[in-house]
Amino acid sequence: MKSFEPVYKELEYLLIQKLPDYIEKINKEHNDGIILKPFENTTLAENCIKLPLFTFSIEETEYSEKDRIIENTIYTVSIELKLQPNIELRPIIFSRYSEAIALIIQKNDMWIDRKITNSKGNKIVMRITV
């Protein structure tokens, strides 16, 4: 089974360093007065208290083997978005943050397969195969 550390480091890089660029891109694309703010997190540690922020966790890890040659490790990770309370446009804002996160993981070539499998409430769940 492959170590989660490279996946963690890549997710940290994408979510902290690259995601602000994609959020800006989503803001320009929609151009309807709804402006997404960058996340306040500067690390994946859960010590941030300013909103908006996200928390990250590993939900499941599984090992798969194809033809006794190709070995894959599949990680299911979740990103929970914490937005400002009582926002009238919360579903639209959540949807746009989800869109930015989907774009950023689709552009990543480090993983064999990656996709968002669920988006419910404030949580985005994705499967990453390495």
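Residues numbered from 1 in each chain as written. Predicted model: local features only at pLDDT ≥ 70, side-chain atom pairs only at ≥ 80, totals over all residues. Heavy atoms only, no water.

Attention now goes to the overall build of the protein chain. Helix and strand counts for the protein chain come out as two helices and four strands. Each helix and strand of the protein chain, placed in order from N terminus to C terminus, yields the pattern α-β-β-α-β-β. Relative to the 2.2 N^0.38 estimate, which gives 14 Å for 130 residues, the radius of gyration of the protein chain is 16 Å and therefore close to what a compact globule would have. The dimensions of the protein chain, computed from C-alpha atoms along their principal axes, are 55 × 30 × 25 Å. Relative to its 130 residues, the protein chain shows a buried fraction of 40%. The long-range fraction of contacts in the protein chain, counting pairs at least 24 apart against all pairs at least 6 apart in sequence, stands at 56%. One way to put it: in the protein chain the 18 positive side-chain charges average out to a point 2 Å from where the 20 negative ones average out. (Helix = DSSP H or I, 4+ residues; strand = E, 2+ residues; numbered from the N terminus. Rg over C-alpha atoms; globule rule 2.2 N^0.38 Å. Buried < 20%, exposed > 50% of the residue type's maximum accessible area, 1.4 Å probe, protein only. Contact = heavy atoms within 4.5 Å. Lys, Arg positive; Asp, Glu negative; His and termini not counted. Charge placed at Lys NZ, Arg CZ, Asp CG, Glu CD.)

On to unusual backbone geometry, then. Along the chain, Leu 51 connects to Pro 52 via a cis peptide bond; the corresponding omega equals 0°. Here Pro 52 lies in the loop between α1 (5-30) and β1 (53-66). If you check the backbone angles, Asn 31 has positive phi at about 45° while not being a glycine. With respect to the helices, strands and loops of the structure, Asn 31 is situated in the loop between α1 and β1. For Asn 31, a relative accessible area of 66% puts it in the exposed group.

Quick look at the nonpolar core now. The biggest cluster of nonpolar side chains holds 34 residues, and the ones touching the most others in it are Leu 19 and Leu 81. Of all the secondary-structure elements, those providing two or more residues to this core are α1, β1, β2 (70-82), α2 (90-106) and β4 (123-129). Element by element, the count of residues in this core is highest for α1, at nine residues. Leaving out residues up to four positions away in the same chain, Leu 19 has contacts with Leu 14, Phe 39, Ala 100, Ile 101 and Ile 104. (Core = buried A, V, L, I, M, F, W, Y, C linked by side-chain atoms within 4.5 Å.)

Looking now at the confidence of the model for the protein chain. On average, residues of the protein chain carry a pLDDT of 84, and 94% of them reach 70 or more. When pLDDT is averaged over each helix and strand of the protein chain, the minimum, 82, is found for β1 and the maximum, 90, for α1. (pLDDT = per-residue confidence, 0-100.)

Within β4, five of the seven residues are buried, which leaves the element mostly enclosed by the surrounding structure. Summarising the sheet, strand β3 (residues 113-120) and β4 pair through seven bridges and their orientation is antiparallel. Looking across to β4, one finds that Ile 116 is bridged to Met 126. Linking β3 back to β4 in an antiparallel pair, the connection comprises two residues, with Gly 121 at a positive phi of about 65°. (Pairing = 2+ DSSP bridges.)

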